[in-house]
Amino acid sequence: MRASRAAAAVAVVVLLAGCGTSSPDVVPDVTLPPPGVPFEYQLGGADAPDAATRVVVRDATAPPAGRYDVCYVNGFQSQPGDTDRLLRATPELVLHDDGVPVRDPAWPDEVLLDVSTPALRDRLAAELVGPLVDRCAAAGYDAVEVDNLDSWTRAHGLLDADDAVAFTALLVEHAHARGLAYAQKNAVDVTARVRAAGADLVVAEDCARWDECAAYADAYPVVLDVEYDADAFAAVCAAQRDPATALLGLSVVLRDLDVLPRGADDAVHGTC
């Protein structure tokens, strides 16, 4: 429903519903940014934020910017530089199809993590993804954005949405225990379930282009949308300027596909 989200309190108590649990546990307070504020998506390299910027998303390998800082973690697939080591050291944590590691066809240097069983999910949370979240917390980030939630859609039928949501519940709990808010990344079809598992905000890519922003805004008080198509960006900015169509809590940026730093050739940085 458009324009239906009330402004979020800056500090909120998050209830972790878990996955399949009947009584949520109260976790420590986490902080959310004010809804609808300017943000920057800096995964391709850290830049000094504009003066008006309130939220900055950076890779876990970069330091926080000193605004409201969101830490990017690839939580359902390997980072390209870690793939070979992961396959050598703990191949059992990687999803295999008939003995062959399952790779992301769009990012063939990344292999999918095997979240198919509770035991594997526990190991991944404790040994691989959890330490990345810990790194974000130790660096001083405010929230964590966990990418490739939708990896089950390219898992050759070996994973499903239930597996992804169950693993998300573990990661939400881990993040909250370290004082970090948890951001869902894409996968609009499981938004209600991920929100029920305790996620606090969402980072969406091309939600205007695919007509998904309203679904996210109906579930979350803060929606950070990264558009890569100039026409879709212009359309959503126009909609946000009209009180009849604006979505409360939605922040939008236009970026190049490589999310390059401002000084790089072909870098695109737009906001509205």
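Further up the page is the structure itself.
Since we're looking at a predicted model, the values are computed, not measured.

*Asks:* Could you give me a rundown of the overall build of the chain, with the residues and numbers involved?
*Replies:* The helix and strand inventory of the chain stands at six helices and 17 strands. In the chain, of all internal contacts separated by at least 6 residues, the share reaching a separation of at least 24 is 59%. In the form shown here, the chain has an accessible surface area of approximately 11,700 Å², with 53% of it arising from carbon and sulfur atoms.

*Asks:* Help me get a handle on the packing of aromatic side chains, residues and values and all.
*Replies:* Enumeration according to the criterion identifies one aromatic pair in this entry. Measuring from centroid to centroid gives 5.3 Å for Phe76 and Phe167, while their planes differ by 90 degrees, and the two rings are edge-to-face. Taken together, the residues span a long stretch of sequence, with Phe76 in the loop between strand S7 (68-74) and helix H1 (83-89) and Phe167 in helix H3 (residues 161-177) at a distance of 91 residues. Taken individually, Phe76 and Phe167 each receive the classification buried, so the pair is uniform in this respect.

*Asks:* Provide a residue-level description of the sheet that holds strand S14 (residues 201-205), including the pertinent values.
*Replies:* Taken in spatial order, the nine strands make up an open sheet running S5-S6-S7-S12-S13-S14-S15-S16-S17, and their pairing is mixed. Each edge of the sheet is formed by a strand with only one pairing partner; in this case those strands are strand S5 (39-41) and strand S17 (269-271). Taking the axes of each pair of neighbouring strands and ignoring which way they run, one obtains an average angle of 25 degrees across the sheet. Contacts from helix H2 (residues 118-139) reach S7 and strand S12 (143-147), with the element oriented near 160 degrees to S7. Helix-sheet contacts for H3 involve S12 and strand S13 (181-185), and the interaxial angle to S13 is about 150 degrees.

*Asks:* A description of the nonpolar core should follow, citing residues and the corresponding values.
*Replies:* Core analysis: the largest hydrophobic core is formed by 58 residues, its most contacted members being Cys136, Val144, Phe167, Leu171, Tyr182 and Val190. Among the elements of the structure, S7, H2, S12, H3, S14, helix H5 (213-219), helix H6 (230-241) and strand S16 (250-255) are those that each provide at least two residues to this core. Counting 21 residues, the second-largest nonpolar core is a separate cluster that includes Leu32, Ala183, Leu201 and Val259.

*Asks:* Quick rundown of H6? Include the residues and the values.
*Replies:* For H6, spanning 12 residues, the distance from its first C-alpha to its last is 17 Å, which sits close to the expected 16 Å at 1.5 Å a residue. Looking only at H6, the buried set comprises Ala232, Phe233, Val236 and Cys237. Buried residues of H6 fall within an arc of 130 degrees about the axis and therefore sit on the same side. Of the residues in H6, the exposed ones pointing more than 90 degrees away from the buried face are Asp231 and Arg241. In this structure Asp229 caps H6, since a side-chain oxygen of it lies 3.2 Å from the backbone nitrogen of Asp231.

Definitions and cut-offs
- Residues numbered from 1 in each chain as written.
- Predicted model: local features only at pLDDT ≥ 70, side-chain atom pairs only at ≥ 80, totals over all residues.
- Heavy atoms only, no water.
- Helix = DSSP H or I, 4+ residues; strand = E, 2+ residues; numbered from the N terminus.
- Contact = heavy atoms within 4.5 Å.
- Areas by Shrake-Rupley, 256 points an atom, 1.4 Å probe, with all protein chains shown as cover.
- Phe/Tyr/Trp six-rings, centres within 6.5 Å; stacked < 30°, edge-to-face > 60°.
- Buried < 20%, exposed > 50% of the residue type's maximum accessible area, 1.4 Å probe, protein only.
- Pairing = 2+ DSSP bridges.
- Axes fitted to C-alpha atoms, helices over the stretch in contact; angles between N-to-C directions.
- Core = buried A, V, L, I, M, F, W, Y, C linked by side-chain atoms within 4.5 Å.
- Expected span 1.5 Å × (residues − 1).
- Arc of directions from axis to C-beta.
- Polar contact = N/O pair within 3.5 Å; in protein donor to acceptor, adjacent residues only side chain to side chain.

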